[in-house]
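Understanding the architecture of this molecule
What follows is the residue order along each chain.
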Amino acid sequence: SSAMGSSFSSSASYLQYGNDFELVIRATKDLEYLLETGFDVPSGKTVGLHDKITHAENTAGLSKDTVKRLRYLVTIRNKLVHDHDFNRLEDR
């Protein structure tokens, strides 16, 4: 058995989720885990994913395209969680 949070999904396994909420939440949890373990970004309740992406961009030299894609994922996650009228991915 693995420690909580120590495993993440392969990109192919994301296709198994029929629910857009589960897909996006699992993908952003994996992103956060990878940023914290692979890029040594700050962690904690007060450090948001956008902050973690900025830290990785500044310290690891992530490309602008990669940063743009990561921020898009976080923005979609935030919309799904906080926007009452946004309940599904547009083009999955």
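Use the structure listed above.
Structure report, in brief. From a predicted model like this one, the values you see are computed outputs, not experimental measurements.

**Structural notes on the nonpolar core**
By size, the foremost hydrophobic cluster in this structure holds ten residues: L31, L35, V41, L49, I53, A56, L62, V67, L70 and V74. If you list the elements that add at least two residues to this core, you get α1 (20-38), α2 (49-60) and α3 (64-82). Ignoring sequence-local partners within four residues, the contact set of V41 consists of L35, E36, K52, H55 and A56.

**Points about the packing of α1 against α3**
As a packed pair, α1 and α3 sit with axes 10 Å apart at the nearest point and diverge in direction by 135°. Between α1 and α3, the crossing angle belongs to the class labelled oblique. Judged by the twist between their axes, the crossing of α1 over α3 is left-handed. Seen from α1, the contacting residues are D20, F21, V24, I25, A27, T28 and L31; seen from α3, they are L70, L73, V74, I76, R77, L80 and V81. Partitioning the contact of α1 with α3 into residue classes produces eleven nonpolar, one polar and two charged.

**Focus: the environment of Y33**
With respect to the helices, strands and loops of the structure, Y33 is situated in helix α1. Each C-alpha atom, one on Y33 and one on S43, is 9.6 Å from the other, the two residues being ten residues apart in sequence.

**A few points about the pattern of salt bridges**
If the charged atoms of two oppositely charged side chains come close together, the side chains can form a pair. Using the criterion set out here, one finds six salt bridges in the structure. Between E57 and R71 there is a salt bridge whose closest N-O contact spans 3.9 Å. Here E57 is found in helix α2, whereas its partner R71 is found in helix α3, with 14 residues between them in sequence. The buried category is assigned to E57, whose relative accessible area is 17%. The salt bridge partner of R69 is D65, with a shortest N-O separation of 2.9 Å. Linking R69 with D65, this pair stays in helix α3, spanning four residues, or about one helical turn. Overall, R69 belongs to the exposed group, its relative accessible area being 58%. Salt bridges linked by common partners bring E32, E36 and K52 together as one network.

**A few points about unusual backbone geometry**
Here the phi dihedral of D40 falls at roughly 50°; this positive angle occurs in a residue that is not glycine. Here D40 lies in the loop between α1 and α2.

**Observations regarding the packing of α1 against α2**
Interhelical geometry of α1 versus α2 gives an angle of 40° and a closest axis separation of 10 Å. Classed by the angle they form, the pair α1 and α2 counts as oblique. You can see that α1 and α2 cross each other, and the crossing is left-handed. Along its contact with α1, which presents T28, L31, E32, L35 and E36, the element α2 presents L49, K52, I53 and A56. Residue composition of the contact of α1 with α2, grouped by class: five nonpolar, one polar and three charged.

Conventions adopted
Residues numbered from 1 in each chain as written. Predicted model: local features only at pLDDT ≥ 70, side-chain atom pairs only at ≥ 80, totals over all residues. Heavy atoms only, no water. Core = buried A, V, L, I, M, F, W, Y, C linked by side-chain atoms within 4.5 Å. Buried < 20%, exposed > 50% of the residue type's maximum accessible area, 1.4 Å probe, protein only. Helix = DSSP H or I, 4+ residues; strand = E, 2+ residues; numbered from the N terminus. Contact = heavy atoms within 4.5 Å. Axes fitted to C-alpha atoms, helices over the stretch in contact; angles between N-to-C directions. Parallel < 35°, antiparallel > 145°, perpendicular 65-115°, else oblique. Left-handed = near helix turned anticlockwise from the far one by under 90°. Nonpolar A, V, L, I, M, F, W, Y, C, P; charged D, E, K, R; others polar. Salt bridge = Lys/Arg side-chain N within 4 Å of Asp/Glu carboxyl O.

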